[in-house]
Amino acid sequence: MPPEGRSGSTSLDNFEIRIHPFPRTGRMQVGRDIVIAPHSSPFRRRLTYQIWFYRGCQILLGWALRALFRTSVCGFHRIPRRGAVILASNHVSYLDAILVAASMPRPVFYLSRASLFKNRLVSFLLEGMGGQIPVGRQPGDTEEIVTAGIRLLECGYALGIFPEGTRSPHGKLQAGQTGVALFAFLTGAPVLPVALRGTYEAWPRHKRFPRLFRRISLVIGDPLQVLKNPGAAEDPKLRREFTDEVMLALAQLLHQP
């Protein structure tokens, strides 16, 4: 999920949506100009190529994490093996997305700042090792972010989201932005709360290098389900209520008040 809470970044909290379904084609229009064709061949083809490389990197990352940190996963059985799903995690460390990507039985895609992909080597690593998809993060790029997320979910993929929007400076759970509810209401995809414990101690945002051999755990909670309801996606109150429900589930998994 884009860092919605960071200064100068894009926020989905106040995004106004107008959705017009096209029953015959299966497309939907978001806003004024964006028409989403979720099953478009170029989009699927690009993700298929990325998934093959991702799978290989996922195995290597899993070995590396187990060698460098004492990692464990609880609730593995709750991950659906196919179909759209949103993985909502707390965000405290550079390791968070890597840990989720390496621990899941299926590829997980994140929407990342496009400027990170200017370097070819960095782009290669982000797309292959972290399942990252570049999107703009300027105030005018909100529709691009929504389009990319809906495409992923409508194609049946897993979308990783950090509802807080940016890494916590103190390791505690922060208030969630409502983008997670937006995608859930627009697609009907279930939201799985995924609590990351120990990543702040292993590599907080203010440290240049990680602290190796720390205990890290990933705890997967029960899915939170809403019906596909574009009308609810337009209601800030409903988005906030569901987002608060997701954040409460994360807080309980983290044992935070």
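Residues numbered from 1 in each chain as written. Predicted model: local features only at pLDDT ≥ 70, side-chain atom pairs only at ≥ 80, totals over all residues. Heavy atoms only, no water.

**Considering the packing of aromatic side chains**
The criterion, for reference: Any Phe, Tyr or Trp ring, taking Trp's six-membered ring, that has another such ring centre within 6.5 Å forms a pair; planes under 30 degrees apart are called stacked, those over 60 apart edge-to-face, and the others tilted. In this description a helix means any DSSP run of H or I spanning at least four residues, a strand means any run of E spanning at least two, and both kinds are numbered starting from the N terminus.
Per the counting criterion, the structure on display carries four aromatic pairs. Relative to tryptophan 203, the ring of tyrosine 94 has its centre 5.0 Å away and its plane inclined at 55 degrees; by these criteria the two rings are tilted. Taken together, the positions of tyrosine 94 in the loop between strand S5 (85-89) and helix H2 (96-103) and tryptophan 203 in the loop between helix H6 (199-202) and strand S10 (215-220) put the pair 109 residues apart, joining distant regions of the chain. Ring centres 5.6 Å apart and planes at 75 degrees place the aromatic pair phenylalanine 109 and tyrosine 157 in the edge-to-face group.

**Description of the pairing of S5**
Which entries qualify depends on this criterion: Any residue under 20% of the maximum accessible area for its type is buried, any over 50% is exposed, and the rest in between are partly exposed; the area is computed with a 1.4 Å probe on protein chains only. Paired strands are those between which DSSP finds at least two bridges.
Burial analysis of S5 places five of its five residues in the buried class, which makes it a mostly covered element. One ladder, built from four bridges, connects S5 with strand S8 (residues 158-161); its direction is parallel. By the bridge assignment, valine 85 is partnered in S8 with alanine 158. Inspection of the sheet shows S5 paired to strand S9 (residues 191-197) by four bridges, in the parallel sense. In the sheet register, leucine 87 faces S9, and the bridge partner there is leucine 192.

**Focus: the environment of alanine 64**
Relative to the helices and strands, alanine 64 is located in helix H1 (residues 41-68). Measuring from C-alpha to C-alpha, the distance between alanine 64 and alanine 102 comes to 9.5 Å, with 38 residues separating the pair along the chain.

**Considerations on helix H4 (residues 142-154)**
Stated formally: The length a helix should cover is 1.5 Å for every residue beyond the first.
Relative to the 18 Å expected for 13 residues at 1.5 Å per residue, H4 spans 18 Å between its end C-alpha atoms, a close match to the ideal helical length. For H4, every residue scored as buried is listed here: Thr142, Ile145, Val146, Thr147, Ala148, Gly149, Ile150, Leu152 and Leu153. Positive backbone phi, at 90 degrees, marks glycine 156, one or two positions downstream of H4.

**Here's the deal with the environment of glutamate 245**
Here glutamate 245 lies in helix H8 (residues 236-254). Residue class for glutamate 245 comes out partly exposed when judged on its relative accessible area of 41%. Sequence separation between glutamate 245 and alanine 181 is 64 residues; the distance between their C-alpha atoms is 9.7 Å.

**Topic: the nonpolar core**
To keep things clear, this is the line we draw: To form a nonpolar core, buried Ala, Val, Leu, Ile, Met, Phe, Trp, Tyr and Cys residues must be joined to one another through side-chain atoms within 4.5 Å. Note on contacts: a residue pair qualifies if any of its non-hydrogen atoms lie within 4.5 Å across the two residues.
In terms of nonpolar packing, the biggest core is built from 31 residues, with Ile86, Leu111, Leu159, Phe183, Phe185, Val191 and Phe242 touching the most fellow members. Elements represented by at least two residues in this core include exactly S5, strand S6 (108-113), H4, S8, helix H5 (179-187), helix H7 (230-233) and H8. Residue contacts for leucine 159: discarding those within four places in its chain leaves Val85, Ile86, Leu87, Val108, Phe109, Leu111, Gly149, Leu152, Leu153 and Phe183. Core analysis: the next-biggest nonpolar cluster, separate from the first, contains 26 residues, Leu95, Ala101, Phe162 and Leu192 among them.

**Some details on the confidence of the model for the protein chain**
Note the threshold: pLDDT measures the predictor's confidence residue by residue and takes values from 0 up to 100.
Across the protein chain, pLDDT averages 80, with 70% of residues at or above 70. This model gives residues 1-10 a pLDDT under 50, and the stretch forms 38 contacts once residues within four places in sequence are excluded.

**Looking at the packing of H5 against H8**
In plain terms, the rule: Only the stretch in contact is used when a helix axis is fitted, and all axes are lines through C-alpha atoms; the angle between N-to-C directions ranges over 0 to 180 degrees. Angles are sorted into four bins: roughly parallel if under 35 degrees, roughly antiparallel if over 145, roughly perpendicular if 65 to 115, and oblique for all others. Think of it as three bins: nonpolar holds Ala, Val, Leu, Ile, Met, Phe, Trp, Tyr, Cys and Pro, charged holds Asp, Glu, Lys and Arg, and polar takes everything else, Gly as well.
Relative to each other, H5 and H8 sit at 105 degrees, their axes nearing to 8 Å. Between H5 and H8, the interaxial angle falls into the category roughly perpendicular. Where H5 approaches H8, its residues Val180, Ala181, Leu182, Ala184 and Phe185 are matched on the opposing element by Leu238, Arg239, Phe242 and Thr243. Taken together, the residues of the contact of H5 with H8 sort by class into seven nonpolar, one polar and one charged.

**Topic: the pattern of salt bridges**
Short version of the rule: By salt bridge we mean one thing: a side-chain nitrogen of Lys or Arg within 4 Å of a carboxyl oxygen of Asp or Glu.
All told, the structure shown has three salt bridges when counted by the stated rule. Lysine 228 is paired through a salt bridge with glutamate 154; the nearest N and O atoms lie 3.4 Å apart. One end of the pair, lysine 228, is in the loop between S10 and H7; the other, glutamate 154, is in helix H4, with 74 residues separating them in the sequence. Relative accessible area serves as the criterion here: at 45%, lysine 228 is assigned to the partly exposed category. Among the ionic pairs, aspartate 244 bridges to arginine 240, the shortest N-O distance being 3.0 Å. Linking aspartate 244 with arginine 240, this pair stays in helix H8, spanning four residues, or about one helical turn.

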